[in-house]
Amino acid sequence: LGNAECETISDALPSKECNLIFLDLSGNQIDDERVAVLCAGLEKNTTIKYLELSNNKITDSGVETIKQCVERRAELGSPLQQVWMRGNPADAALYTGCMLNGQFTHTFISSVIEQYCN
């Protein structure tokens, strides 16, 4: 997706007509800049609970943007329940799987590293 397409999606997300629960944007070449554009609309959306962003170009910086978006949504009472981010350049040991039940968590990979490498 290009910047224009991400802006179009972002603009549509806060609309009362947007009743999406699951937004799958996997494999769309989304980078950190486009994540910021998408999060601007996602923060104002109250229906999406599941966000699929696997196999894009999101780095640690983009994950921070997503984390802030998730926190703002939780503060507003409409938390995301799960975000998938496998296959991105972000630090896989920290961010694979990324979030569950509105909270960023360590994944199985991180648990194995912590258990056997510390």
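Residues numbered from 1 in each chain as written. Predicted model: local features only at pLDDT ≥ 70, side-chain atom pairs only at ≥ 80, totals over all residues. Heavy atoms only, no water.

Student: If you had to explain the overall build of the protein chain to someone new, which residues and values would you point to?
Tutor: Looking only at helices and strands, one finds five helices and five strands in the protein chain. Traced from its N-terminal end to its C-terminal end, the protein chain shows the element sequence α-β-α-β-α-β-α-β-β-α. Buried positions account for 36% of the 118 residues belonging to the protein chain. Sequence-distant contacts in the protein chain: of pairs separated by 6 or more residues, those separated by 24 or more amount to 73%. (Helix = DSSP H or I, 4+ residues; strand = E, 2+ residues; numbered from the N terminus. Buried < 20%, exposed > 50% of the residue type's maximum accessible area, 1.4 Å probe, protein only. Contact = heavy atoms within 4.5 Å.)

Student: I'd love a proper account of helix α3 (residues 60-75), names of residues and values included.
Tutor: Over its 16 residues, α3 extends 23 Å from the first C-alpha to the last, a length consistent with the 22 Å expected when each residue adds 1.5 Å. Residues of α3 that are buried include every one of Gly62, Val63, Ile66, Cys69, Val70 and Arg73, and no others. Viewed along the axis of α3, the buried residues span an arc of 120°, placing them on a single side of the element. Just downstream of α3 lies Gly77, where phi reads positive at about 85°. (Expected span 1.5 Å × (residues − 1). Arc of directions from axis to C-beta.)

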